[in-house]
Protein chains: 2
Amino acid sequence: MLDELKVKRRHFLVGAAGAAGAAALGDAGVRAARAQEASGLPDYVSWKEPGAFIQHSPQTLETMRGEIGLSPLTPNDLVFVRNNLPSLTEEQVGDPEAWEVNVEGVAQPRPITLAELRTLGPETVACVLQCSGNGRGFFEHETSGSQWLTGAAANVSWTGVPVRTVVEAMGGVDGDKSFMTGTGGEPIPEGLDPLTVIVERSVPLEAQEVALLAWEMNGEPIPLAHGGPVRLVLPGYYGVNNVKHLKRLSFDETQSQADIQRSGYRVRPVGESGAPDQPSMYQMNVKSWVTHPLREAGTGRTQIWGVALGGTEDLDRVEVSTDGGETWEEARFVGPDLGRFAWRPFVLAADLAPGTHRIASRATTASGAAQPRDFEPNHRGYGHNGWDAHAVDVTVQ
Amino acid sequence: MLDELKVKRRHFLVGAAGAAGAAALGDAGVRAARAQEASGLPDYVSWKEPGAFIQHSPQTLETMRGEIGLSPLTPNDLVFVRNNLPSLTEEQVGDPEAWEVNVEGVAQPRPITLAELRTLGPETVACVLQCSGNGRGFFEHETSGSQWLTGAAANVSWTGVPVRTVVEAMGGVDGDKSFMTGTGGEPIPEGLDPLTVIVERSVPLEAQEVALLAWEMNGEPIPLAHGGPVRLVLPGYYGVNNVKHLKRLSFDETQSQADIQRSGYRVRPVGESGAPDQPSMYQMNVKSWVTHPLREAGTGRTQIWGVALGGTEDLDRVEVSTDGGETWEEARFVGPDLGRFAWRPFVLAADLAPGTHRIASRATTASGAAQPRDFEPNHRGYGHNGWDAHAVDVTVQ
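Residues numbered from 1 in each chain as written. Chains lettered and ligands numbered in written order. Predicted model: local features only at pLDDT ≥ 70, side-chain atom pairs only at ≥ 80, totals over all residues. Heavy atoms only, no water.

Going by what an unreviewed UniProt entry lists, chain A is known as Sulfite dehydrogenase (Cytochrome) subunit SorA apoprotein and is assigned to Tranquillimonas alkanivorans. On record in UniProt, under Cofactor (unreviewed entry), the comment for chain A is "Mo-molybdopterin". (UniProt positions renumbered as here; feature names shortened; annotations may be inferred.)

Okay, here's the thing in structure tokens:
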């Protein structure tokens with residue numbers, strides 16, 4: 001059962017016996033061993049699980065669908081990677097405690113260091129980190145960008161200080177502002193117009209109510225590949241808004257003029273170019289997908305499991321179909337509920353007869369928002385949550 | 001601020017610049033770099049965070065107190081290591097899916113593989129994993145065994161199948177049984193009486209109500225160092241009862257005759273030898289400790305944080321004292337509540353004047369069980385939860 005096998009180099013395949021051990025473990029083992037022999041991961045993420053990713057590019061690593069189990073959080077070494085600019089190096093960061101965020105658009109604007117952020121009241125929030133393009137590979141029209149399937153998503157615990165606490169410490173927002181803008185600290189390559197490459201995102205002002213300036217990710221300092229030492233975390237918002245290596249947090253009357261805000265991450269009909277008057281990729285929609293089984297199952301009782309998220313809302317239920325959506329049965333949630341911004345693993349037991357079964361899942365939020373069967377195409381292939389495209393065909397021998 | 005610095009080789013100290021980068025980060029950095037250059041960890045746990053452990057022996061690695069932050073779970077690479085026998089190698093395990101647990105003392109006893117365990121209804125439980133001897137180093141009398149301070153404890157999410165589900169699938173417990181016994185799969189060294197070394201623990205039958213046969217730890221297959229591929233997990237019970245590499249699960253009228261059960265892990269007065277009529281280290285008591293700050297703090301506002309556990313009960317509150325227990329203030333819990341078997345991070349803001357402050361924490365459960373100031377000595381130094389010994393002296397310049 002390909003998707004059930006989890007071959008971890010660090011835990012099982014230590015040393016020369018690796019490949020042999022892997023072969024004994026079947027396809028997944030062989031695949032993992034191959035990935036390891038090729039030391040498949042770029043240096044800056046070499047600490048991640050070698051066999052667990054689909055590498056679209058050195059900046060875009062997708063977590064394999066079957067790697068997600070029934071735990072409440074996704075361990076850092078399984079979290080997908082997607083960077084618009086190369087991550088900072090530790091030489092570029094220097095002493096993380098001295099890292100400064102320039103806060104602007106408040107009554108008393110000033111830089112604040114990570115060391116000082118630690119002296120303000122901390123909070124911990126568990127939330128889904130998901131790329132706007134997660135599911136792009138399921139669209140039928142031609143799309144540019146990484147062809148993510150389900151693996152540009154993770155459930156992460158972030159610890160930091162609420163933005164509203166920082167703002168209060170600086171006398172509050174200065175006057176009438178409509179947006180909160182985060183700017184990343186990545187150096188701008190020589191000779192390029194900064195606006196064409198800088199990672200700078202503006203979100204509606206109310207986002208400050210849930211936002212954190214975070215320094216801890218799943219119990220460790222935020223790895224540089226994930227935006228350490230300080231990252232802007234916006235629970236319920238797509239990944240791009242969670243600005244990495246945060247150097248500037250500003251409250252403004254207008255949105256950033258950077259391309260990534262002005263024309264990027266805009267939802268529009270296929271064939272149209274991006275423009276500021278189109279909806280931006282802000283809050284996530286309700287979504288779920290099965291992570292086990294994915295291809296094969298034994299005869300008799302099978303446990304079908306996966307994960308579901310409500311976007312910004314609590315989930316009401318997840319239903320699972322084993323006949324491609326003809327009939328549905330309610331699944332049960334497994335493990336602790338980490339709150340409305342987190343995903344919840346679910347499970348349903350099924351007795352599958354020999355043959356091929358189309359397994360789908362469909363989540364519904366407390367307010368009744370549900371995944372559609374199909375999701376309308378959009379030019380860049382953002383936000384796909386259609387349950388039919390996310391279904392898997394599982395064969396029982 | 002020594003305890004605040006988190007120098008992660010994999011995230012910050014990649015390559016030759018490591019030591020230099022570390023030096024720039026102060027004592028903690030230097031310590032971490034040294035640990036890394038000495039590649040401080042034994043091979044079987046080389047995937048763990050090099051700078052994060054106190055190594056008492058190759059089989060006993062303690063998580064440094066300041067490594068525990070405000071996240072709900074402890075990442076695997078920070079979880080302490082304590083093995084009574086060397087962990088199995090992947091060659092000894094072979095195909096994890098084919099790993100068998102022999103279930104005895106049920107109506108239809110038989111071996112069951114991990115692959116089959118996956119077909120039964122899974123559950124996920126978050127619970128504290130804590131060595132019976134955690135805190136041993138705080139006793140004033142002479143004790144044998146690792147001198148653990150606070151770091152033989154972690155908060156872990158386990159996924160597996162409830163023991164009661166397995167028992168039901170095998171026709172229920174056969175007749176009148178008083179104990180559930182787990183046996184580890186470690187090979188017995190040549191020429192030794194198995195009873196003197198085998199890891200075999202019996203717990204009261206009612207423990208089956210909360211027990212899991214687990215295969216997933218914090219979202220990954222259970223690492224061999226932590227008892228994979230299948231471990232018996234007993235939420236609320238001390239670590240030793242959570243038998244690693246589980247090969248046998250038996251329901252019995254009497255307890256195991258293995259030394260680890262008969263005379264080991266028995267609570268008795270200092271100077272007495274262990275015997276079956278003494279209390280065994282089963283369920284954990286209420287406990288808490290501060291993890292930040294530990295030695296120094298800046299002037300002005302300081303956030304004091306740590307973790308608290310109720311053993312088998314929900315927590316009612318945690319109080320923090322900055323004057324060695326003269327006065328107490330209630331702390332607030334941070335982040336999601338993972339249930340009665342898990343620990344909860346807590347935080348309290350304090351304005352500390354220049355000088356040295358004795359910071360202590362004291363947890364109380366829903367039923368009113370509270371940490372004592374002092375904990376009565378016992379021969380092996382088990383179960384210390386006295387708040388005074390766990391206090392830290394923090395200097396403000």
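Attention shifts here to the overall build of chain A. What chain A contains, in helices and strands, is 7 helices and 22 strands. Each principal axis of the C-alpha atoms in chain A carries an extent, and together these give about 70 × 50 × 40 Å. Contacts spanning at least 24 positions in sequence make up 69% of the contacts within chain A whose residues lie at least 6 apart. Summed over its atoms, the accessible surface of chain A is roughly 13,900 Å², and 49% of this surface lies on carbon and sulfur atoms. (Helix = DSSP H or I, 4+ residues; strand = E, 2+ residues; numbered from the N terminus. Contact = heavy atoms within 4.5 Å. Areas by Shrake-Rupley, 256 points an atom, 1.4 Å probe, with all protein chains shown as cover.)

Per the UniProt record, "domain: Moybdenum cofactor oxidoreductase dimerisation" (unreviewed entry) is found at residues 280–392 of chain A. Within the segment residues 280–392 of chain A, helix and strand shares are 0% and 45% respectively, and the terminal C-alpha atoms sit 30 Å apart.

Glancing now at the environment of Asp314 of chain B. Within the secondary structure layout, Asp314 of chain B lies in the loop between strand E16 (300–309) and strand E17 (315–321). In this structure the C-alpha to C-alpha distance between Asp314 of chain B and Ala366 of chain B, which are 52 residues apart in sequence, comes to 5.7 Å.

A word on the pattern of salt bridges. Under the counting rule described, the total for this entry stands at 30 salt bridges over all chains. For Arg118 of chain B, the salt bridge identified is with Glu97 of chain B, shortest N-O distance 2.8 Å. Of the two residues, Arg118 of chain B is situated in the loop between helix H4 (114–117) and strand E6 (123–130) and Glu97 of chain B in the loop between helix H3 (90–93) and strand E4 (100–104); the sequence distance between them amounts to 21 residues. By the burial criterion, Arg118 of chain B is buried, and Glu97 of chain B matches it. Because the salt bridges share partners, they merge into one network encompassing Arg358, Arg373, Asp374, Asp388 and Asp393 of chain A. (Salt bridge = Lys/Arg side-chain N within 4 Å of Asp/Glu carboxyl O. Buried < 20%, exposed > 50% of the residue type's maximum accessible area, 1.4 Å probe, protein only.)

Residues and elements named next belong to chain B. Pairing in this open sheet of 5 strands is mixed, and the strands run E5-E4-E13-E8-E9 from one edge to the other. Each having just a single partner strand, strand E5 (110–113) and strand E9 (200–204) make up the two edges of the open sheet. With strand direction ignored, the average angle separating the axes of adjacent strands in the sheet is 20°. Sheet topology places strand E8 (residues 179–184) next to E9; 5 bridges connect them, and they run antiparallel. If you follow Gly182 over to E9, its bridge partner there is Arg201. (Pairing = 2+ DSSP bridges. Axes fitted to C-alpha atoms, helices over the stretch in contact; angles between N-to-C directions.)

All names here are of chain A. Pairing is antiparallel across the open sheet formed by 3 strands, whose spatial order is E1-E2-E3. The strands lining the two open edges of the sheet, one partner per strand, are strand E1 (53–57) and strand E3 (81–82). As paired elements, E1 and strand E2 (residues 60–63) share 4 bridges and run antiparallel to each other. Each bridged residue has a counterpart across the sheet, and for Gln55 the counterpart in E2 is Leu61.

The next thing to look at is the nonpolar core. Residues and elements named next belong to chain B. Counting residues in each nonpolar core, the largest one holds 55 residues, and the members touching the most others are Leu117, Val163, Met180, Leu213, Leu232 and Leu249. Elements with a minimum of two residues in this core: E4, H4, strand E7 (153–162), helix H5 (163–169), E8, strand E10 (212–217), strand E13 (246–252) and E16. What Leu117 contacts, discounting residues up to four positions off in sequence, is Ile112, Val161, Val166, Leu213, Trp215 and Val230. (Core = buried A, V, L, I, M, F, W, Y, C linked by side-chain atoms within 4.5 Å.)

A few words now on the environment of Val307 of chain B. Here Val307 of chain B lies in strand E16. Residues in contact with Val307 of chain B, not counting those within four places in the same chain, are Ile68, Lys287, Ser288, Trp289, Trp343, Arg344, Pro345 and Phe346 of chain B.

Inspection of every chain in the model, using the stated rule, returns 12 aromatic pairs over all chains. Judged by centre distance (5.5 Å) and plane angle (15°), the ring pair of Tyr265 of chain B and Tyr382 of chain B falls under stacked. Of this pair, Tyr265 of chain B sits in the loop between helix H7 (259–262) and strand E14 (287–292) while Tyr382 of chain B sits in the loop between strand E21 (355–365) and strand E22 (392–396), and the two are 117 residues apart along the sequence. Judged by its relative accessible area of 8%, Tyr265 of chain B falls in the buried class. Under the relative-accessibility criterion, Tyr382 of chain B is labelled buried at 3%. Positioned above the aromatic ring of Trp99 of chain A is the side chain of Lys247 of chain A, whose terminal nitrogen or guanidinium carbon lies 4.4 Å from the ring centre. (Phe/Tyr/Trp six-rings, centres within 6.5 Å; stacked < 30°, edge-to-face > 60°. Lys NZ or Arg CZ within 6 Å of the ring centre and 35° of its normal.)

To continue, consider the UniProt feature "domain: Oxidoreductase molybdopterin-binding" (unreviewed entry) in chain A. The UniProt record annotates "domain: Oxidoreductase molybdopterin-binding" (unreviewed entry) at residues 95–257 of chain A. Secondary structure across residues 95–257 of chain A comprises 9% helix and 34% strand; the distance between its end C-alpha atoms is 31 Å.

The subject of this paragraph is the confidence of the model for chain A. Residues and elements named next belong to chain A. Looking at chain A as a whole, the pLDDT averages 91, with 90% of positions reaching at least 70. The model gives residues 1–38 a pLDDT under 50, and that stretch makes 82 contacts with residues more than four places away or in other chains. Both scores are given for the predicted complex: the pTM is 0.91, the ipTM 0.90. (pLDDT = per-residue confidence, 0-100.)

Residues and elements named next belong to chain A. With respect to the element layout, Arg65 can be found in the loop between E2 and E3. Here Arg65 occupies a buried position and makes no salt bridge, while the nearest side chain of opposite charge, Glu62, is found at 8.2 Å. At a separation of 2.7 Å, a polar atom in the side chain of Arg65 contacts the main-chain carbonyl oxygen of His390. Excluding anything up to four places from it in sequence, Arg65 contacts Phe138, Thr150, Trp289, Val290, Thr291, Leu294, His390 and Val392. (Lys, Arg positive; Asp, Glu negative; His and termini not counted. Polar contact = N/O pair within 3.5 Å; in protein donor to acceptor, adjacent residues only side chain to side chain.)

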